[in-house]
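What follows is each chain in one-letter form.
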Amino acid sequence: MEKAKKILIVEDEKDISEIIAYNIRRQGYDVDTAYDGETGLNKALSGEFDLVLLDVMLPKMDGFEICKRIREKLQTPIIILTAREEENDKIMGLDLGADDYMTKPFSIGELSSRIKANIRRYSGELKKLGENDGDGTTIKIGDIIIDTENVSVRKNGKEISLSKKEYDLLCFLAKNRGSKFPQDKLLESVWGFGGYYDLRTVDVTVRRIRQKIEDDSSNPKYILNMRSVGYYIPED
Ligand code: CA
């Protein structure tokens, strides 16, 4: 039998944490909990979890800070849980590298389908990376070189640090150079399950990539957007 996937719940409201833990344990997951930010971060950084459920408002360290610090070291899928329907929270979470986002109250059914989808996507990506070993290719766009074997991006020889999704999106556009993609198409192709995200996720991710790769992100030349048609990387 396959080893149970491990999930870390970082949530200071014990009753919420217990309800989530109880329900996802019943689905066969191995669950650990942390009730404050510092403990949560330390546990997450152990690298033994397949997914982290992360509350935003926490004692000692908030969820955004934890998210940022996890991403400096690990690509473990992170789902942010927040009590507020705040657009800014959502954008901030995704900016800091969270994979998904849920507003409380949510149904356990919805939570578990997102857990499943995020874990599946992550293991799929790891597998793909493994299969690409020794069979790498590079894609060149102007001064930028994407090395798909080593999953790295360089501009004028200098390494550019991208989050997983930023890299995926850049790669997708680079592989389909010249073609224009509306946001919903990009959500479907890059994130894999369009219905769960809102279209601004794409804009936020493009903005972040531009800040990292463009000389002038307000006047981009790598990733362009044709109004009502979509994003694209122009051909030489
Ligand atoms: Ca809280």
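Draft legend 1. Highlighting the environment of Ile-233. Structurally, Ile-233 is set in the segment after strand 11 (230-232). Ile-233 sits 11 residues away from Tyr-222 along the chain, and the two C-alpha atoms are 5.7 Å apart.

Draft legend 2. Spotlight on the packing of aromatic side chains. Tallying each qualifying case throughout the model produces 1 aromatic pair. The ring of Tyr-35 has Lys-14 lying over it, and the distance from NZ or CZ to the ring centre is 4.6 Å. Here the guanidinium or amino end of Lys-180 rests over the ring plane of Tyr-232, the centre of that ring lying 4.5 Å away.

Draft legend 3. Region of interest: the nonpolar core. Among the nonpolar cores identified, the biggest contains 27 residues, and Ile-146, Val-153, Leu-169, Leu-170, Leu-186 and Ile-223 are the most heavily contacted of them. Counting only elements with at least two residues in this core, the list comes to strand 6 (138-141), strand 7 (144-147), helix 6 (164-175), helix 7 (183-191) and helix 8 (200-213). Counting residues per element, this core draws most heavily on helix 6, which supplies 7 residues. Each residue touching Leu-170, except ones within four places of it in the same chain, is listed here: Ile-146, Val-153, Leu-162, Ile-209, Ile-213, Ile-223 and Ile-233. Leu-8, Val-56, Ile-80 and Tyr-101 belong to the second largest nonpolar core, which has 20 residues in total.

Draft legend 4. How the structure looks around the sheet that holds strand 1 (residues 6-10). Read across the sheet, 5 strands follow the order 2-1-3-4-5 without closing on themselves; strand pairing throughout is parallel. Two strands bound the open sheet, and with one partner strand each, they are strand 2 (30-34) and strand 5 (100-103). Ignoring strand direction, the axes of neighbouring strands in this sheet form an average angle of 20°. As judged from the 4 bridges shared by strand 1 and strand 3 (residues 51-55), these two strands associate in the parallel manner. By the bridge assignment for strand 3, Val-10 is matched with Leu-54. Its contacts with the sheet put helix 2 (residues 37-45) on strand 1, strand 2 and strand 3, and the angle it makes with strand 2 is roughly 145°. Strands in contact with helix 3 (residues 63-73) are strand 1, strand 3 and strand 4 (78-82); relative to strand 4, the strand with the most contacts, it is inclined by about 175°.

Draft legend 5. Highlighting helix 7. Buried residues of helix 7: Leu-186, Leu-187, Val-190 and Trp-191, and no others. Along the axis of helix 7, the buried residues cluster in a sector spanning 105°; they form a single face. Downstream of helix 7 by one or two residues, Gly-192 has phi in the positive range, about 90°.

Draft legend 6. Looking closely at the coordination of the calcium ion. Note on the calcium ion: its protein donors are Asp-12 (OD), Asp-55 (OD) and Met-57 (O). The metal-donor distances range over 2.1 to 2.3 Å. All donors to the calcium ion come from one chain, and their sequence spacing reads D-x42-D-x1-M. Linking Asp-12 in the loop between strand 1 and helix 1 (14-26) with Met-57 in the loop between strand 3 and helix 3, this pair joins segments that are 45 residues apart in sequence. The exposure class assigned to Met-57 is exposed, which follows from its relative accessible area of 58%.

Cut-off values and rules
Residues numbered from 1 in each chain as written. Predicted model: local features only at pLDDT ≥ 70, side-chain atom pairs only at ≥ 80, totals over all residues. Heavy atoms only, no water. Helix = DSSP H or I, 4+ residues; strand = E, 2+ residues; numbered from the N terminus. Phe/Tyr/Trp six-rings, centres within 6.5 Å; stacked < 30°, edge-to-face > 60°. Lys NZ or Arg CZ within 6 Å of the ring centre and 35° of its normal. Core = buried A, V, L, I, M, F, W, Y, C linked by side-chain atoms within 4.5 Å. Buried < 20%, exposed > 50% of the residue type's maximum accessible area, 1.4 Å probe, protein only. Contact = heavy atoms within 4.5 Å. Pairing = 2+ DSSP bridges. Axes fitted to C-alpha atoms, helices over the stretch in contact; angles between N-to-C directions. Arc of directions from axis to C-beta. Donors = N, O, S within 2.8 Å, 3.2 Å for Na, K, Ca; no water.

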